[in-house]
Amino acid sequence: PRILILGAPGAGKGTQSAKIVEHFDVEHITTGDALRSNKQMDISHLDLEYDTPAEYMDQGELVPDEVVNAIVDEALSSADGFILDGYPRNLEQVEALEDMTDLDVVLTLDVSEEELVHRLTGRRMDPETGDIYHVEYNPPEDPEVEERLEEREDDTEETVRERLRVYQKNTAPVIEYYEDEGSLERVDGEQAPDEVWDDVKATIEENA
Ligand code: AP5
Ligand code: ZN
């Protein structure tokens, strides 16, 4: 299936995408991860405000559409089934995506703002596997893994607030767009990860 997962920063898109990839055998297309692996990419030829994605990301701002659209277009060209995570984030990206592919399932994870801040400031990443943890909700069992965990550079309280502001301004209209179109499936993302997964899996099975 061709699946789109929407939701605010910290809603659990990455956490659920990992489960979706494993269960439905689809490719994980995530603009956030793609940009983090290419943070220092030279985009000066595009004559934008900054010369690398890093400067946008570390402030919690969106990386310009032309950079992100190209990443997704390239990734989609070699994917059959996919879970798209972190894109589209504004209405211009919605339009670009519609020229690239159709979707079978569009779902969004609903989580309150207070919980989002708590999740993001407690998130830890395993730099070796990319696995996502949380100091309180989902700590690793292996002390060796715990030892090497890192915080994401944009998970400081100040940047988190800015990411949530950017989300309200630019990405909330994307959710509204799919809702008006009648294709949006809402999942209660505030439940425990396994309960969210039960609902996500059922939603995909019903719609794919
Ligand atoms: P991106 O990487 O997409 O970040 P984001 O949208 O802010 O989302 P996150 O990855 O922070 O959260 P998530 O929903 O994946 O939550 P997770 O599963 O990790 O983008 C980063 C930046 O890149 C942007 O700011 C922008 O600069 C740029 N960018 C990316 N895409 C772009 C685009 N299309 N256009 C322009 N710029 C773009 O979970 C969070 C935490 O909660 C973890 O600790 C996890 O363990 C925990 N958790 C998860 N689920 C639960 C649960 N059910 N209960 C309790 N804890 C949970
Ligand atoms: Zn993510």
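Everything numeric here is computed off the predicted structure, so don't read it as measured data. (Residues numbered from 1 in each chain as written. Chains lettered and ligands numbered in written order. Predicted model: local features only at pLDDT ≥ 70, side-chain atom pairs only at ≥ 80, totals over all residues. Heavy atoms only, no water.)

Student: Any details on the sheet that holds strand β4 (residues 105-110)? Residues and values, ideally.
Tutor: What the five strands build is an open sheet, ordered β2-β3-β1-β4-β7; its pairing is parallel. A strand with exactly one partner marks an edge of an open sheet, and here the two such strands are β2 (27-30) and β7 (184-188). Each adjacent strand pair in this sheet contributes to an overall mean axis angle of 25°, direction not counted. Helix α1 (residues 13-24) contacts β1 (2-7), β2, β3 (82-85) and β4 of the sheet and is inclined by roughly 160° relative to β1. (Pairing = 2+ DSSP bridges. Helix = DSSP H or I, 4+ residues; strand = E, 2+ residues; numbered from the N terminus. Axes fitted to C-alpha atoms, helices over the stretch in contact; angles between N-to-C directions. Contact = heavy atoms within 4.5 Å.)

Student: Can you lay out the site of ligand 1 for me, pointing to particular residues and giving the numbers?
Tutor: Neighbouring ligand 1 are 36 residues; Thr15, Glu61, Arg89, Arg123 and Arg163 lie closest to it. With respect to ligand 1, the backbone of Gly12 contributes an N or O atom lying 3.0 Å from an oxygen atom. Gly14 is positioned with one of its backbone polar atoms (N or O) 2.8 Å from an oxygen atom of ligand 1. Notes on ligand 1: free accessible area 1100 Å², of which the protein chains cover 97%. Elements with a minimum of two residues in the shell around ligand 1: α1, α2 (31-37), α6 (113-121), β6 (132-134) and α9 (193-207). When the residues that make up the shell around ligand 1 are grouped by side-chain class, the tally is 16 nonpolar, 11 polar and nine charged. (Near = heavy atom within 4 Å. Polar contact = N/O pair within 3.5 Å; in protein donor to acceptor, adjacent residues only side chain to side chain. Areas by Shrake-Rupley, 256 points an atom, 1.4 Å probe, with all protein chains shown as cover. Nonpolar A, V, L, I, M, F, W, Y, C, P; charged D, E, K, R; others polar.)

Student: Hey, could you go over the pattern of salt bridges for me, with residue numbers and the actual values?
Tutor: Taken as a whole and judged by the stated rule, the model has 18 salt bridges. A salt bridge links Lys39 to Glu153; its shortest N-O distance comes to 2.9 Å. Placement of the pair is Lys39 in the loop between α2 and α3 (53-57) and Glu153 in the loop between α7 (143-148) and α8 (157-181), with a sequence separation of 114 residues. We note a salt bridge from Arg148 to Asp126, for which the minimum N-O separation is 2.9 Å. Of this pair, Arg148 sits in helix α7 while Asp126 sits in the loop between β5 (123-125) and β6, and the two are 22 residues apart along the sequence. (Salt bridge = Lys/Arg side-chain N within 4 Å of Asp/Glu carboxyl O.)

Student: Give a detailed account of the UniProt feature "binding site: ATP" (unreviewed entry) in the protein, specifying residues and quantitative values.
Tutor: Look at the UniProt record and you will see "binding site: ATP" (unreviewed entry) annotated at Gly10, Ala11, Gly12, Lys13, Gly14, Thr15, Arg123, Ile132, Tyr133 and Gln191. Leaving out residues up to four positions away in the same chain, Ile132 has contacts with Gly14, Thr15, Arg123, Arg124, Met125 and Asn138. (UniProt positions renumbered as here; feature names shortened; annotations may be inferred.)

Student: Outline the side chain of His134, listing residues and values.
Tutor: Mapping His134 onto the fold places it in strand β6. Polar contacts involving the side chain of His134 include one to the main-chain carbonyl oxygen of His118, which spans 3.2 Å. In contact with His134, not counting residues within four places along its chain, are His118, Arg119, Gly122, Arg123 and Pro139.

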